[in-house]
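Single-letter residue listing:
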Amino acid sequence: MMRARITGTGSAVPDKVLTNFDLEKMVDTSDEWITTRTGIKERRIAGEGEYTSTFATRAAEKALEMAGVKADELDLVIVGTVTPDFPFPATACVVQNNIKAVNAAAFDVTAACSGFLYGLSVAEKFIRTGTVKKALVIGAEVLSRIIDWSDRNTCLLFGDGAGAVVVEACEGDNGVLSTHIHSDGSFWELLYLPACGSRNPATQKAVDDKLIYLMMQGNEVFKLAVRAMGEVAHEALAASGMTPADIDLFIPHQANRRIIDAIGKRLGLAEDRVFVNLDRYGNTSAASIPIALDEANRSSRIKEGDIVLFDAFGGGLTWGAALLRW
Ligand code: COA
């Protein structure tokens, strides 16, 4: 059977580190509060002259190198992001130009923290139909540019970076077994960016009213995330007749340690089967799963034949899962 198989991974994060102790000097918070409530210790912040496409491009080049695929062999470039370089053109087009993927169609997917999984799901469908042979799927964000750095409810949670995968059509049993994506737009106001779109264009008033910053009702998001991520994980396993006991490595969206622990517990997974790196990066939204995957892959936490489960949740609301045989 023809499957979409991940043949290369890559990631890139800014050099600049912002620790909880740095945040203590910026807002009324403490390392102790942030660590216990979120599990985050530090995050990476883009510097001057660094954009979403900067990290997306670096991650893409590493993934292509690992896969041994040349950029002009790509049929498709998808970038999951809510912090594109511009409202348009798509950041995927900027990346396409940077890497010279001259034969690819390129577009962005807006599904917040589920953006990478949505992109992977789209690429997988194109590959299964035979339309696409080689695709590049990237999750990339520079969230620091839409954060109100005086709001202690949100500023400690997020970070910048990108992760990328090369997905190729391969015969055999290894590759993406299934993807599952869901949305519930009735909750869109729980997590969104009010300005810089057609409702609230970029005006001085939008700046004065702080509409240019991410808004979030953290408590509500937390509860819905635990429920939805738990349900979709079971949905993905059931589609292949598997149970949590079959999972070799669970790579959840890295939003909050307590969310990850709650889902790990629901699935009955021991800690060594759950990949966590949010202590070092915070929530990088669409970039979180591909960055985690790249770290797991390069540190040999995954071996051929392993069953790997991705699980994401984000603004929209959107959520999804992908089950893979590595
Ligand atoms: N430092 C110190 N105290 C803080 C604080 C901070 N940075 N932020 C909030 N507090 C205070 C609150 O004011 C509140 O005080 P009060 O009880 O006197 O009113 C108290 O801490 C508890 O706040 P609460 O918002 O209930 O905390 P919480 O346990 O829900 O944790 C989040 C807050 C944001 C960490 C948590 O809700 C969360 O992670 N939600 C999910 C967010 C997320 O992952 N979003 C992206 C999804 S993809």
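The model shown is predicted, which means the values in this text are computed figures rather than measured ones.

1. Thoughts on the sheet that holds strand β12 (residues 307-314)
Alright, step 1. Strands sit in the order β8-β13-β12-β11 across an open sheet of 4 strands; the sheet is mixed. One side of each edge strand has no neighbouring strand; the edge strands of this open sheet are β8 (175-183) and β11 (249-252). Between one strand axis and the next, the sheet turns by 10° as a mean value, whatever way the strands run.
Alright, step 2. As judged from the 8 bridges shared by β12 and strand β13 (residues 318-325), these two strands associate in the antiparallel manner. Among the inter-strand pairings, D311 is bridged to a residue of β13, identified as A321.

2. Quick word on helix α8 (residues 257-267)
Quick reminder: α-helices carry 3.6 residues per turn. Residues three or four places apart thus point the same way.
Alright, step 1. By the burial criterion, the buried members of α8 are I259, I260, I263, G264 and L267. Taken down its axis, α8 places every buried residue within 130° of arc, on the same side.
Alright, step 2. Residues of α8 that are buried in the fold lie against α7 (218-239), β11, α9 (278-281) and β12.
Alright, step 3. The backbone nitrogen of R258 has a side-chain oxygen 2.7 Å away, supplied by the residue at the start of α8, namely N256.
Alright, step 4. Following α8 by one or two positions, G268 adopts a phi angle in the positive range, close to 70°.

3. Observations regarding the sheet that holds strand β7 (residues 160-171)
Alright, step 1. One open sheet holds the 5 strands; their spatial order is β1-β7-β6-β4-β5, and the pairing between them is mixed. Strands at the two margins of the open sheet, each flanked by one partner only, are β1 (2-12) and β5 (105-109). Strand-to-strand twist of the sheet, defined as the mean angle between neighbouring strand axes without regard to direction, takes the value 20°.
Alright, step 2. As defined by bridge partners, strand β6 (residues 134-142) adjoins β7 across 9 bridges and the pair is classed as antiparallel. The residue bridging V137 from the neighbouring strand is V165, located in β7.
Alright, step 3. Relative to β5, helix α4 (residues 91-99) is tilted by about 140°, and along the sheet it contacts β4 (76-80), β5 and β6.
Alright, step 4. Of the strands in this sheet, β1, β4, β5, β6 and β7 are in contact with helix α5 (residues 115-129), which crosses β6 at around 170°.

4. Here's the deal with the packing of aromatic side chains
Alright, step 1. Here the structure, examined in full by the defined rule, presents 3 aromatic pairs.
Alright, step 2. Measuring from ring centre to ring centre gives 5.1 Å for W188 and Y192, while their planes differ by 85°; the resulting arrangement is edge-to-face.
Alright, step 3. The exposure class of W188 is partly exposed, given its relative accessible area of 34%.
Alright, step 4. The exposure class assigned to Y192 is partly exposed, which follows from its relative accessible area of 28%.

5. Things to note about the UniProt feature "active site" (unreviewed entry) in the protein chain
Alright, step 1. Taking the numbering used here, the UniProt-annotated feature "active site" (unreviewed entry) corresponds to C113, H253 and N283. In sequence the annotated residues extend across 171 residues, while in space they remain close, none of their C-alpha pairs exceeding 8.6 Å.
Alright, step 2. With respect to the element layout, N283 can be found in the loop between α9 and α10 (288-298).
Alright, step 3. Here N283 is in contact with I40, C113, L143, L157, F158, G159, H253, Q254 and A255, once residues within four sequence places are set aside.

6. Some remarks on the packing of helix α3 (residues 52-67) against α4
Alright, step 1. Their axes nearest at 9 Å, the elements α3 and α4 cross at an angle of 50°. On the basis of the axis angle, α3 is oblique to α4. Viewed along their axes, α3 and α4 form a crossing whose handedness is right-handed. Facing α3, whose interface residues are T52, S53, A56, T57, E61 and L64, α4 presents T91, V94, V95, N98 and I99.
Alright, step 2. For the contact of α3 with α4, the per-class residue count stands at 5 nonpolar, 5 polar and 1 charged.

7. Comments concerning the site of the ligand
Alright, step 1. The local shell around the ligand holds 21 residues, among which T29, R37, L156, N219 and N256 are the closest.
Alright, step 2. Between T29 and the ligand, the recorded distance is 2.6 Å, taken from a side-chain N or O atom to a nitrogen atom.
Alright, step 3. Within the side chain of W33, one N or O atom sits 3.3 Å away from a nitrogen atom of the ligand.
Alright, step 4. Look at the ligand: alone it shows 960 Å² of surface, and the protein chains cover 73% of it.
Alright, step 5. Listed by contribution, the elements that provide at least two residues to the shell around the ligand are α2 (31-38), α7 and β12.
Alright, step 6. Along the lines of polarity and charge, the residues of the shell around the ligand split into 8 nonpolar, 9 polar and 4 charged.

8. Remarks on unusual backbone geometry
Alright, step 1. A cis amide bond links F88 to the next residue, P89, at an omega of 5°.
Alright, step 2. As for its position among the elements, P89 is in the loop between β4 and α4.
Alright, step 3. The omega torsion of the bond from G316 to L317 falls at -15°, within 30 degrees of zero and hence cis.
Alright, step 4. The residue L317 is located in the loop between β12 and β13 in this model.
Alright, step 5. Notably, A112 is not glycine yet its phi reads approximately 50°, a positive angle.
Alright, step 6. Tracing the chain through its elements places A112 in the loop between β5 and α5.
Alright, step 7. Judged by relative accessible area, A112 falls into the buried class, the value being 13%.

Reading the values: rules and limits
- Residues numbered from 1 in each chain as written.
- Predicted model: local features only at pLDDT ≥ 70, side-chain atom pairs only at ≥ 80, totals over all residues.
- Heavy atoms only, no water.
- Pairing = 2+ DSSP bridges.
- Helix = DSSP H or I, 4+ residues; strand = E, 2+ residues; numbered from the N terminus.
- Axes fitted to C-alpha atoms, helices over the stretch in contact; angles between N-to-C directions.
- Buried < 20%, exposed > 50% of the residue type's maximum accessible area, 1.4 Å probe, protein only.
- Arc of directions from axis to C-beta.
- Contact = heavy atoms within 4.5 Å.
- Polar contact = N/O pair within 3.5 Å; in protein donor to acceptor, adjacent residues only side chain to side chain.
- Phe/Tyr/Trp six-rings, centres within 6.5 Å; stacked < 30°, edge-to-face > 60°.
- UniProt positions renumbered as here; feature names shortened; annotations may be inferred.
- Parallel < 35°, antiparallel > 145°, perpendicular 65-115°, else oblique.
- Left-handed = near helix turned anticlockwise from the far one by under 90°.
- Nonpolar A, V, L, I, M, F, W, Y, C, P; charged D, E, K, R; others polar.
- Near = heavy atom within 4 Å.
- Areas by Shrake-Rupley, 256 points an atom, 1.4 Å probe, with all protein chains shown as cover.

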